[in-house]
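# Architecture and fold: a report
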Amino acid sequence: MAGGAENRSDILIVGAGVIGASAALALAKSGHDVLVIDRNSGIGDGSTGASAGIIRVHASDAQSSALADDALAVWRDWREFLGADESEDLARFVRCGSLILDAGNGFTDQAALAMSGAGVAFDRWTLDDMSGHFPYFDFHRFGPPRSVEDEAFWAEPTEFLGGGLYTPQSGYVGDPTLAAVNLMRAAHRAGARLRLPATVAGFDVDGDRVVGVTLADGTALRAGAVLVVAGPHSDSLLRGIGATSDFRVRTRRIREELGHVPAPPGLDLALQGVHLVDGDLNINFRPERGDAFLVGSNGDRADEQTVIQDPDVFDRLVTAAAWERTTLRLARRIPDLGIPRARTGVVGLYDAAEDWLPIYDRTCYDGLFVAMATSGTQFKTAPIVGELLRYVVETELNGRDHTAGPFHSPVSDRTYSTAQFSRLRTPREDQVRG
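Residues numbered from 1 in each chain as written. Predicted model: local features only at pLDDT ≥ 70, side-chain atom pairs only at ≥ 80, totals over all residues. Heavy atoms only, no water.

In the annotation of an unreviewed UniProt entry, the protein is listed under the name FAD-binding oxidoreductase and assigned to Amycolatopsis panacis.

### Quick notes on the overall build of the protein
Inclusion rule: Only DSSP runs of H or I reaching four residues or more are called helices, and only runs of E reaching two or more are called strands; each is numbered from the N terminus. When we talk radius of gyration, it's over C-alpha atoms, and the globule rule is simply 2.2 Å times the number of residues to the 0.38. Throughout this description, buried means an accessible area under 20% of the type-specific maximum (1.4 Å probe, protein chains only), exposed means over 50%, and partly exposed covers the range between.
Assigned secondary structure in the protein consists of 10 helices and 22 strands. The C-alpha atoms of the protein give a radius of gyration of 22 Å, which matches the 22 Å a tight globule of 434 residues would have. Overall size of the protein, expressed as C-alpha extent along the three principal axes, is 70 × 45 × 45 Å. Each of the 434 residues in the protein was classed as buried or not, and the buried ones make up 60%.

### Overview of the packing of helix α2 (residues 62-76) against helix α4 (residues 107-118)
We count it as follows: Lines fitted to the C-alpha atoms define the axes, with helices restricted to the stretch that makes contact. Angles between their N-to-C directions range from 0 to 180 degrees. Any angle that is under 35 degrees is reported as roughly parallel, and any over 145 degrees as roughly antiparallel; angles of 65 to 115 degrees are reported as roughly perpendicular and all others as oblique. Crossings are assigned a handedness: left-handed for a near helix turned anticlockwise from the far helix by less than a right angle, right-handed for a clockwise turn. Here a residue-residue contact requires only that any non-hydrogen atoms of the pair lie within 4.5 Å. In the scheme used here, Gly and all other residues not listed as nonpolar or charged are polar, with Ala, Val, Leu, Ile, Met, Phe, Trp, Tyr, Cys and Pro taken as nonpolar and Asp, Glu, Lys and Arg as charged.
It is the contact of α2 with α4, at a shortest axis distance of 8 Å, that shows an interaxial angle of 60°. Relative to α4, the element α2 is oriented oblique. For the pair α2 and α4, the crossing hand works out as right-handed. Every residue of α4 that contacts α2 at Ala62, Ser65 and Ala66 is listed here: Ala114, Met115, Gly117 and Ala118. Tallied by class, residues from the contact of α2 with α4 come to five nonpolar, two polar and no charged.

### Here we look at the pairing of strand β1 (residues 8-14)
So the rule is basically this: For two strands to pair, DSSP has to find at least two bridges joining them. Viewed with both strands pointing away, a crossover whose connecting path from the first strand over the helix to the second turns clockwise is right-handed.
Extensive coverage of β1 is indicated by the burial of five of its seven residues. Two elements, β1 and strand β12 (residues 220-228), share six bridges in a ladder whose sense is parallel. Within the sheet, the bridge partner assigned to Val14 lies in β12 and is Val228. Relative to strand β2 (residues 34-37), β1 is paired through four bridges, and the arrangement is parallel. Across the sheet, the residue bridging to Ile13 is Val36, located in β2. Following the chain from β1 across helix α1 (residues 18-29) to the adjacent parallel β2, one finds a crossover that is right-handed.

### Structural notes on the sheet that holds strand β4 (residues 93-95)
Here we have three strands laid out as an open sheet, ordered β3-β8-β4, and antiparallel in their pairing. One side of each edge strand has no neighbouring strand; the edge strands of this open sheet are β3 (54-55) and β4. One ladder, built from three bridges, connects β4 with strand β8 (residues 171-173); its direction is antiparallel. Residue pairing across strands places Arg95 opposite Gly171, the latter belonging to β8. Where α2 meets the sheet, it contacts β3, β4 and β8, and its direction lies at approximately 110° from that of β4.

### Quick notes on the domain arrangement of the protein
What counts, and what does not: Where a domain begins and ends is set by an automatic assignment or by a domain database. Once two parts are joined, some of their accessible surface, as seen by a 1.4 Å probe, is lost; buried area is that loss totalled over both. Any carboxyl oxygen of Asp or Glu that lies within 4 Å of a side-chain nitrogen of Lys or Arg is treated as forming a salt bridge with it.
Annotation of the protein at the domain level lists domain 1 (8-71 + 176-250 + 355-421) and domain 2 (94-170 + 252-348). In this complex, domain 1 contributes 23 residues to the contact, which on the side of domain 2 involves 30 residues. Interface of domain 1 and domain 2: buried area, both sides summed, is about 1,900 Å²; carbon and sulfur atoms make up 61% of it. Linking domain 1 with domain 2 are two salt bridges, by the criterion used here. Among the salt bridges present, the one from Arg39 reaches Asp312, with a minimum N-O distance of 3.2 Å.

### Concerning unusual backbone geometry
Backbone phi values are negative for most residues with the exception of glycine, while trans is the configuration of most peptide bonds. Across the junction of Gly143 and Pro144, the peptide omega takes the value 5°, indicating a cis bond. By the secondary structure assignment, Pro144 is in the loop between α5 (127-133) and β7 (163-167). Residue Pro197 follows Leu196 across a cis peptide bond; omega there is -20°. Topologically, Pro197 is positioned in the loop between β9 (193-195) and β10 (200-206). Backbone geometry at Asn282 places phi at a positive 60°, although glycine is not the residue there. Overall, Asn282 belongs to the buried group, its relative accessible area being 2%. For Trp356, which is not a glycine, the phi torsion comes out positive at approximately 65°.

### A short note on the nonpolar core
To be explicit about the condition: We define the nonpolar core as a collection of buried residues of types Ala, Val, Leu, Ile, Met, Phe, Trp, Tyr and Cys that are connected through side-chain atoms lying within 4.5 Å of one another.
Ile13, Ile19, Val34, Trp75, Trp78 and Leu389 are the most contacted members of the largest nonpolar core, which totals 65 residues. Looking at this core, you find at least three residues from each of domain 1 (8-71 + 176-250 + 355-421) and domain 2 (94-170 + 252-348). Apart from residues no more than four positions distant in its own chain, Trp75 is found in contact with Ile55, Phe93, Val173, Ala179, Phe379, Lys380 and Pro383. Formed by 35 residues, the second largest nonpolar core is a distinct cluster that contains Trp125, Tyr136, Leu267 and Ile308.

### Structural notes on helix α6 (residues 176-189)
Worth spelling out the cut-off: A helix is expected to reach a length of 1.5 Å times the quantity of its residues less one.
Across its 14 residues, α6 extends 20 Å between first and last C-alpha, which sits within 8% of the 20 Å expected from 1.5 Å per residue. Of all 14 residues making up α6, 10 are buried, and the element is well covered by its neighbours. Residues of α6 that are buried sit in contact with α1, β2, α2, α3 (78-82), β8 and β9. Phi turns positive one or two residues past the end of α6, at Gly191, with a value near 115°.

### Remarks on the pattern of salt bridges
A full pass over the atoms with the stated rule returns 26 salt bridges. A salt bridge links Asp278 to Arg333; the nearest nitrogen and oxygen atoms lie 2.8 Å apart. Of this pair, Asp278 sits in strand β14 (residues 275-278) while Arg333 sits in helix α9 (residues 320-333); the two residues are 55 residues apart in sequence, bridging distant segments of the chain. Relative accessible area serves as the criterion here: at 0%, Asp278 is assigned to the buried category. A salt bridge links Arg390 to Glu394; the nearest nitrogen and oxygen atoms lie 2.7 Å apart. Highlighted residues: Arg390 and Glu394, both in helix α10 (residues 382-397), separated by four residues, approximately one helical turn.

So this is what it looks like as structure tokens:
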């Protein structure tokens, strides 16, 4: 039985990661009674905690680039956005810039076109520009990306990369979990409630409307609307009642490893670090503090992706194969790198769509909404996505199609089409993770 008022809400949010917390803040500020639940015992303990925390503005399409640029304005002024006082420990945005190497695969041209269309500033750098700013990199062309077991991987390069794109405004948040905690605390100040841990056993349906959920302990939670932001567990929850039956875009759960690799002695990454997007070697890394790199895959090679069927069953330790592949590729780009014997890093499970775009939409059930396929790509946009989800939920609850009108940015004069994030979209073939 639902019991008292503590088990009822206007909006029930399933998932207390960075996106769920951001949505809770936006909806609570809009006057809704919001209850957030999560199967984990801490805020941001799922995919958010395994995020690289990169705040980049380049993308495959103009709308995604513009959304990231709007969110960057919030990350820069995080305390004011949250309404937090000086005593609260806040996640910190570190500006280091992003350098996207021209790997000859067309992505830099695509990203430049997207940023130009979005009105996002960037610089085109020559080989000399790149070498002058980052002399510790070897800018030879090593690609296309190959297995480290391929003899061609070890061949001496004879050509140099032609250049790249540089966005000096980009950076990272070193503690993604703390960012989610900050958002949830702000949501609490706005009136949102939180219940942890709380595992959803199933949705409760009345005709064509979802009216709440039943927890594993038998507690029934009733709500005017349910927003599922459960990362890798979203798909299995929704499939239980056929809520993904009309989705035209598929999602998958990808195991992601981020290696923690010490920088060469004498290299101060607090001063000389950069977020490098290296499609030539299929790696992507940023500074970790001032003395290490946090490095992972670009996600471009399907044969190097580990797709997980059961989100509760996957290896949570850094594997020897991924560590060797990642560190050896990193060592090609940074010749002075020493490869440590101990494997250290972060392993998580990312919820991703086949076209790497998120899904922010309702479902075939009235009152049931989703924010899916955000892992690994949308941490950067989370502060704005909360407002976008508020728009989607409120518009649909008011009986209107949210894709029929634009979403207005809360921080700029930009407008966005939510149709790009629809479950009913045709998957875009030109999208990459970036």
